[in-house]
Amino acid sequence: MLQKRLIALVILLVGAGIGWWVYSAEVSGSHPFKLGLDLSGGTQLVYRAELSGIPGEDVRDSMDALRDTIERRVNLFGVSEPIVQTQRGGTFAGETEERLLVELPGITDTQEAIRLIGQTPVLEFRLMKEGGQPTGAPEENVNDFFEPAAITGKDLQGAKLEFLQTMGGVPNEPVVVLDFNSEGARTFAELTGDNVGRLFGIFLDGTAISIPVIQEAIPDGTAVISGSFTAESARELARNLNYGALPVPIELIATQTVSGTLGAEAVGKGIVAGIWGVAAVALFMIIWYRLPGIVAVCALFLYMLVVLALFQLIPVTLTAAGIAAFILSVGMAVDANVLIFERMKEELRLGKSTREAIGEGFSRAWPSIRDSNISSIITAIILFWFGTSLIKGFALVFAIGVLVSMLSAITVSRTFMLALGIDAKAGLSKLLFGSGTQV
Amino acid sequence: MMIIRHRNIFFAITGVLLLAAVISIFTLGLSLGTDFTGGVLVEVSYESTRTSVEVVSDSLRGFGLEGFSLRESGDLGYTLRAGALTDEQRGFLAAMFTIGDNDARIDQLTEVGPIIGVELRNKALIALALVLTAILFFIAFAFRKVSKPISSWIYGLIALVTLAFDVLIPVGFFAFLGYLTGAQVDVLFVTAVLTILGYSVHDTIVVFDRTRENLRLNEERNKKEEFGDTAGRALGQTFVRSMTTSLTTALALAALFLLGPESTRDFALTLLVGIIAGTYSSIFLATPLLVSVERYLGKRK
């Protein structure tokens, strides 16, 4: 008995410790709660990558280069904790698409966010097809005349502004010189060597800006873009290219923006709803189950602290749906306790001692608790797969809630119940263990 | 057990509820939200007074928006649903609502491309099918040792019938809610329905599990008992628990509905309706149906 009480005390102390940790980790900022865009305010952009013409084995590479470039661009603008991810989508709508997901916390002007990403130039290299000759009409599809070259914007190392020497030795025409990285230089040497005499198009943001004829193999890994540049426009292009060029064009297909005020309001209301929800559940449990109810409420609080600590540690990105899942899980978390207590009452009715009834209550309720929770977890897993990022938050919180509540009910409540050590059929303990229905 | 004895009455009640839900779905209809159709959803709010619908609509048309729906939301806001925005329109969004010097603030802007919408719609249907299949198999597995007097697959199938009820009731309710407030089926609604499925089967399993235990005990003690009585006893034993758990869950959801964030209000309400439906069906539909099926199969032998 003493041992049981000691364990119970330890559990309480650990609970208090976790509570203190949850609080201080949030306040000190070492492990703060991570809020999703719908709570912190910010913008999410989803782009589709235009990969037609890119051979299948290069898709992964191009997407990675795309992600790195956008990430660099976003960091450049000082957005805190941005997320840039590649995704494969569209499978369920027919054909697959490669997508890029960009989350910009704190940026709540959609247009500004789009502009921020849109400044990244798209640099493409194409070889003119045999016999093709564009007339220059704007509605012409470049793909009719050009095919993608083996070299892409991801092979670019840097760009610089130079002035071309013309007759008389006065440098006057501004050009942009592209430097390829070592792999790019090798590819470029091969490409130029194999295609002497063909037209080589350099496309910026989908427009051909320079279409030189390949005169000879270029082994040193540089290419010159000459066009109708002014010194200013050439400098700007070089600067933009130095921050990275997109290897393939991207197209905006979805946006989601939530203002900071709305997010903050949602957090505030979520907390208020949470407090009242917990209070209502706790009050009900205590009135209905009396002493065991208090035990269940202790287990419930412990459960909440553990879940909150997990949110901070993993960390779980909390969304409005996630908060809803947490509140829902509080309501459901007492279920295991309810199952056990109802079972205990039955055993008491059969004339067993309080102590025996506690033991039986726990062991007999276990199969139900296990099976019913597995079904909830199956649902959570499928939801996680189904969800957009906001729903994933719900599914994750729900799954964590179900698992932790199951554990807290069968370990914590049990220890507390046994530690109370009431083993008498006397009036007092009957009153304490009783409930709305007669014992 | 009263519920088992008078199960036909409860079947009738269930039928009436189902009919109401189906009528609601077919007459009022469900409108798919931006998540699934693609297009734009904008939440706007004003500081102190709301510019009238007519004036705002004119302004929107002035910026080239067509076929949009503008609905008042809250005391000071609007919800705008429209097709895709051009780059220019997006830039002028706040300006469209700002008439005179009554500044409008864009609280929320969601744009969904058509492919993403179709994809999500298909994904939602697949998720629904997956949840149902997974549940059927799980129950058949969990109850595999209980094959007398009826096969464990019957438990699974009845759980599915119960689930169909649990889905139809909140969907019917949501059609009604949509009629009242303009609520649309979005990703959160699908999440609510899937969660209800998980919760309700959880509830049904607890009752079935007790039947399973009673059957085992009867066998151990060589006790002969009508299946109806065994199942009825299980129902009585778990009745208080089912009510209690639903009540605590409902309390938590009520708090979320009344006090929680605007964005999860419909979600909380749908869940609340679903939880009540789920509790009702696990008590008044699942086990009574189990008994009826057992009777029917028994007679055929």
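Residues numbered from 1 in each chain as written. Chains lettered and ligands numbered in written order. Predicted model: local features only at pLDDT ≥ 70, side-chain atom pairs only at ≥ 80, totals over all residues.

1. Considering the overall build of chain A
Of the regular secondary structure elements, chain A holds 12 helices and 13 strands. Burial analysis of chain A (439 residues in total) assigns 45% to the buried set. Within chain A, counting contacts between residues at least 6 apart in sequence, those at least 24 apart form 73% of the total. (Helix = DSSP H or I, 4+ residues; strand = E, 2+ residues; numbered from the N terminus. Buried ≥ 20, exposed ≤ 12 C-beta atoms within 10 Å, placed from the backbone. Contact = placed C-beta atoms within 7 Å.)

2. What about the interface of chain B and chain A?
On the chain A side, the residues contacting the 59 residues of chain B number 58 residues. Those elements that place two or more of their residues in the side of chain B that touches chain A are helix 5 (87–91), strand 4 (104–112), helix 7 (114–142), helix 9 (187–220), helix 10 (227–259) and helix 11 (265–300) of chain B. For the side of chain B that touches chain A, the element with the most residues is helix 7 of chain B, which contributes 15 residues. With 5 bridges joining them, strand 12 (residues 250–258) of chain A and strand 4 of chain B adopt antiparallel strand pairing. Each residue of the ladder has a partner; that of Val258 of chain A, found in strand 4 of chain B, is Gln108 of chain B. (Pairing = 2+ DSSP bridges.)

3. Side note on the domain arrangement of chain A
Residues and elements named next belong to chain A. If you check the domain split of chain A, you get domain 1 (2–38 + 259–433), domain 2 (42–120 + 249–258) and domain 3 (121–242). Measuring from the centre of the C-alpha atoms in domain 1 to the corresponding centre in domain 2 gives 39 Å. Residue assignment for the side of domain 1 that touches domain 2 shows that the elements contributing at least two residues are helix 2 (37–40) and helix 8 (260–313). It is helix 8 that contributes the most residues to the side of domain 1 that touches domain 2, 3 residues altogether. (Domains from an automatic or database assignment.)

4. A short note on the domain arrangement of chain B
Interface size is often expressed as the accessible area that is lost when the parts come together. Residues and elements named next belong to chain B. Along its sequence, chain B is carved into domain 1 (2–34 + 115–300) and domain 2 (39–112). For domain 1 and domain 2, the distance between their C-alpha centroids amounts to 40 Å. Taken together, the 4 residues of domain 1 in the interface contact 7 residues of domain 2. Of the residues belonging to the side of domain 1 that touches domain 2, the class tally is 1 nonpolar, 3 polar and no charged. (Nonpolar A, V, L, I, M, F, W, Y, C, P; charged D, E, K, R; others polar.)

5. Digging into the nonpolar core
Counting residues in hydrophobic clusters, the biggest one holds 197 residues, and the most contacted among them are Leu300, Ala324 and Ile327 of chain A. With 21 residues, helix 8 of chain A is the largest single contributor of residues to this core. Dropping the residues within four chain positions of it, Ala324 of chain A is found in contact with Phe394 of chain A together with Leu256, Gly260, Thr264, Phe267 and Ala268 of chain B. Counting 15 residues, the second largest nonpolar core, distinct from the first, contains Leu60, Met96, Ala104 and Ile106 of chain B. (Core = buried A, V, L, I, M, F, W, Y, C linked by C-beta atoms within 7 Å.)

6. Points about the sheet that holds strand 3 (residues 83–89) of chain A
Taken in spatial order, the 8 strands make up an open sheet running 3(A)-4(A)-2(A)-12(A)-4(B)-1(B)-3(B)-2(B), and their pairing is antiparallel. Taken across any chain shown, the strands that pair with only one partner, and hence form the sheet edges, are strand 3 of chain A together with strand 2 (69–73) of chain B. Going from strand to strand, the sheet's axes swing by 20 degrees on average, the running direction of each strand aside. Bridging between strand 1 (residues 39–46) of chain B and strand 3 (residues 77–82) of chain B involves 6 bridges; their strand directions are antiparallel. Following the sheet pairing, Glu43 of chain B is matched in strand 3 of chain B by Thr79 of chain B. Here helix 3 (residues 56–76) of chain A sits on the sheet and contacts strand 2 (42–49), strand 3 and strand 4 (97–105) of chain A; the angle it forms with strand 4 of chain A, its principal contact strand, is near 15 degrees. (Axes fitted to C-alpha atoms, helices over the stretch in contact; angles between N-to-C directions.)

7. Some words on the confidence of the model for chain B
Residues with a pLDDT of 70 or more make up 99% of chain B, whose mean pLDDT is 88. What the predictor reports for the complex is a pTM of 0.82 with an ipTM of 0.86. (pLDDT = per-residue confidence, 0-100.)

8. A word on helix 2 (residues 7–28) of chain B
All names here are of chain B. The end-to-end C-alpha distance of helix 2 is 31 Å, a good match for the 32 Å that 22 residues give at a rise of 1.5 Å each. Taken as a whole, helix 2 has its buried residues at Arg7, Thr14, Ala21 and Ser24. Down the axis of helix 2, the buried set is contained in an arc of 110 degrees. They therefore lie on one face. In helix 2, the exposed residues that point more than 90 degrees away from the buried face are Asn8, Ala12, Gly15, Val16, Leu19, Ile23, Phe26 and Thr27. (Expected span 1.5 Å × (residues − 1). Arc of directions from axis to C-beta.)

9. A few points about the environment of Ala82 of chain B
With respect to the secondary-structure elements, Ala82 of chain B resides in strand 3. The class of Ala82 of chain B is partly exposed, set by 19 C-beta atoms lying within 10 Å.

10. Quick look at the sheet that holds strand 6 (residues 146–148) of chain A
All names here are of chain A. In spatial order, the strands read 6-5-9-10; together these 4 strands make up an open sheet with antiparallel pairing. Of all the strands in the sheet, the pair left with one neighbour each is strand 6 and strand 10 (207–210). The sheet shows a mean angle of 45 degrees between the axes of neighbouring strands, taken without regard to direction. As paired elements, strand 5 (residues 123–128) and strand 6 share 3 bridges and run antiparallel to each other. Counted as the bridge partner of Leu127 is Glu147 from strand 6.

11. Comments concerning the confidence of the model for chain A
All names here are of chain A. Within chain A, residue pLDDT values average 81, and 89% of them lie at 70 or more. Mean pLDDT per element in chain A: helix 12 (residues 427–433) is the minimum at 58, and strand 2 is the maximum at 91. Every residue in residues 435–439 is under pLDDT 50, and counting partners more than four places away or in other chains gives 12 contacts.

12. Some thoughts on the packing of helix 8 of chain A against helix 10 of chain B
Where helix 8 of chain A contacts helix 10 of chain B, the two axes come as close as 8 Å, and the packing angle between them is 155 degrees. Judged on the interaxial angle alone, helix 10 of chain B and helix 8 of chain A are roughly antiparallel. At the point where helix 8 of chain A passes helix 10 of chain B, the crossing takes the right-handed sense. Together, Lys269, Val272, Ala273, Trp276, Gly277, Ala280, Val281, Phe284 and Trp288 of chain A of helix 8 of chain A and Thr244, Leu247, Thr248, Leu251, Ala252, Ala255, Leu256 and Leu259 of chain B of helix 10 of chain B make up the contact between the two elements. (Parallel < 35°, antiparallel > 145°, perpendicular 65-115°, else oblique. Left-handed = near helix turned anticlockwise from the far one by under 90°.)

13. With respect to the environment of Tyr46 of chain B
All names here are of chain B. With respect to the secondary-structure elements, Tyr46 resides in strand 1. Using a count of 18 C-beta atoms within 10 Å as the deciding quantity, one classes Tyr46 as partly exposed. Taking C-alpha positions, Tyr46 is 7.2 Å from Asn102, a pair spaced 56 residues apart along the chain. Discounting residues that sit within four places of it in the chain, Tyr46 has contacts with Thr51, Leu76, Asn102 and Ala104.

14. A closer look at unusual backbone geometry
The step from Ile314 of chain A to Pro315 of chain A runs through a cis peptide bond, and the omega angle for that step is -20 degrees. With respect to the secondary-structure elements, Pro315 of chain A resides in the loop between helix 8 and strand 13 (317–318). The backbone of Arg290 of chain A sits at a positive phi, close to 55 degrees, despite the residue not being glycine. With respect to the helices and strands, Arg290 of chain A occurs in helix 8. Residue Arg290 of chain A is classed as partly exposed on the basis of its 17 C-beta neighbours within 10 Å. Located in the positive-phi region is Asn222 of chain B, a residue other than glycine, with phi close to 55 degrees. Within the fold, Asn222 of chain B resides in the loop between helix 9 and helix 10.

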